[in-house]
Amino acid sequence: MRESRIPQYKVSAWEMVAVVLGAIATLGVGLTSLAMKFLSNAATPQRAEAIASNIMSYSLPAGSQGLLGVNIAGAKVALVASEGDEPDIQLLMARVPVEQESGRRRIDRILDSIALGADEEELKIKSARAENRNLCGQTTSITVREGLLKYPDSPEKATVIYRASVILGDSRYVVNLLANDENLDVARKKAVNVFDSLQCRQ
């Protein structure tokens, strides 16, 4: 029986470069499609509403629509708004495990960076104060900011923003609520009514 020999083939530098570039391109396409899938799932209204209702029960007048919902490393974040193209109420809520509190400032910056309907050019804060209110059965200090909101091609509206958090069990619940109306008193009433409807789910 005769042994067959495998011929030795010397790989050139250009072939190595082509293989490495092909691997990088394949990895890039895979990561891009994974990121696109993540973002498209996060922005699915039904998913956003499901995650929101898993974090808290809430009541928005005239119904709600889910805008964003994500689960990341045990943290749940959801953004819901009142129905319509220019919602007058937006509610960002999150439930973060307490063991992740070491990154609290980072988490707060991430939550603040998720747009609550306005950027600094559109929102002009006129006053800020602290109030004690009940959130999920606990009295907590909330930050209340009031000002004017002006979207492009829309009339200026009075705006009230609530920011609060509370720790229940092994989770910290964070709420950012934005309510606006032509009338500041009506915007305040909307904010109070929605905030008072919030009940944390454990």
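Above this text sits the structure in question.
Values in this document were obtained by computation on a predicted structure and should not be read as measured data.

**Student:** How do you make sense of empty space enclosed by the protein when you look at a structure like this?
**Tutor:** If a probe the size of a water molecule is rolled over the atoms, the empty space left behind becomes visible. Following the criterion strictly, the structure yields 1 cavity of 30 Å³ or more and no others. Space inside the largest cavity adds up to approximately 60 Å³. The wall of the largest cavity is formed by Glu86, Pro87, Leu149, Lys150, Tyr151, Ser154, Pro155, Lys157 and Asn180. For the lining of the largest cavity, the class distribution of residues is 4 nonpolar, 2 polar and 3 charged.

**Student:** Just to check I follow, could you spell out the sheet that holds strand β7 (residues 157-168) for this structure?
**Tutor:** Sheets are built from strands paired through backbone hydrogen bonds, the pairs being either parallel or antiparallel. Taken together, 7 strands build an open sheet; the order of strands is β2-β3-β4-β8-β7-β6-β5 and the sheet is antiparallel. The open sheet has two free edges, formed respectively by β2 (64-72) and β5 (123-135), since each of these has just one partner strand. Between one strand and the next, the sheet's axes are offset by a mean angle of 15 degrees, whatever the strand orientation. Where strand β3 (residues 75-82) meets strand β4 (residues 89-97), 6 bridges bridge the pair, whose relative direction is antiparallel. Opposite Val77, over in β4, you have Ala94 as the bridge partner.

**Student:** Mind showing me how you'd approach helix α4 (residues 184-197) here?
**Tutor:** Residues that lie three or four places apart on an α-helix share one face, since the helix turns once every 3.6 residues. Over its 14 residues, α4 extends 20 Å from the first C-alpha to the last, a length consistent with the 20 Å expected when each residue adds 1.5 Å. Where α4 is buried, its residues touch β4, β5, β6 (138-149), β7 and β8 (171-181).

**Student:** Would you explain the pairing of β2 in this entry?
**Tutor:** The side chains of a regular strand alternate, residue by residue, between the two faces of the sheet. As paired strands, β2 and β3 are joined by 8 bridges and run antiparallel to one another. Following the sheet pairing, Gly66 is matched in β3 by Val80. Between β2 and β3, which pair antiparallel and follow one another directly, the connecting turn spans 2 residues, one of which, Ala73, has a positive phi of 50 degrees.

**Student:** Honestly, the nonpolar core in this entry has me stumped. Any pointers?
**Tutor:** General note: in soluble globular proteins, nonpolar side chains tend to be found buried as a group. Among the nonpolar cores identified, the biggest contains 30 residues, and Met56, Leu91, Met93, Leu135, Leu177 and Phe195 are the most heavily contacted of them. Of all the elements in the fold, those that place two or more residues in this core are α2 (45-55), β3, β4, β6, β7, β8 and α4. Per-element tally for this core: the top contributor is β7, with 5 residues. In this view, Leu91 contacts Tyr58, Leu60, Ala78, Leu79, Val80, Val175, Asn176, Leu177, Val194 and Leu198; residues no more than four positions away in its chain are not counted.

**Student:** Would you take a moment to explain unusual backbone geometry for this structure?
**Tutor:** Note: most peptide bonds trans; most residues except glycine with negative phi. Located in the positive-phi region is Ala62, a residue other than glycine, with phi close to 65 degrees. Within the element layout of this structure, Ala62 appears in the loop between β1 (56-57) and β2. Residue Ala62 is classed as exposed on the basis of its relative accessible area, which comes to 74%.

**Student:** How should I be thinking about the pairing of β4 in this particular structure?
**Tutor:** The buried fraction of β4 amounts to 9 of the 9 residues, a majority that puts the element mostly inside the structure. With burial as the criterion, each face of β4 is covered, one bearing Ile89, Leu91, Met93, Arg95 and Pro97 and the other bearing Gln90, Leu92, Ala94 and Val96. Following β3, the chain reverses through 6 residues before pairing antiparallel with β4; Gly84 in that reversal takes a positive phi of roughly 120 degrees. Relative to β8, β4 is paired through 9 bridges, and the arrangement is antiparallel. Counterpart to Ile89 in the pairing with β8 is Ala179.

Parameters at a glance
- Residues numbered from 1 in each chain as written.
- Predicted model: local features only at pLDDT ≥ 70, side-chain atom pairs only at ≥ 80, totals over all residues.
- Heavy atoms only, no water.
- 1 Å grid on protein atoms, 1.4 Å probe; cavity = no way out; pocket = protein on both sides within 12 Å on 5 of 7 lines; lining within 4 Å.
- Points joined across faces, edges and corners; volume = space filled by probe spheres on them.
- Nonpolar A, V, L, I, M, F, W, Y, C, P; charged D, E, K, R; others polar.
- Pairing = 2+ DSSP bridges.
- Helix = DSSP H or I, 4+ residues; strand = E, 2+ residues; numbered from the N terminus.
- Axes fitted to C-alpha atoms, helices over the stretch in contact; angles between N-to-C directions.
- Expected span 1.5 Å × (residues − 1).
- Contact = heavy atoms within 4.5 Å.
- Core = buried A, V, L, I, M, F, W, Y, C linked by side-chain atoms within 4.5 Å.
- Buried < 20%, exposed > 50% of the residue type's maximum accessible area, 1.4 Å probe, protein only.

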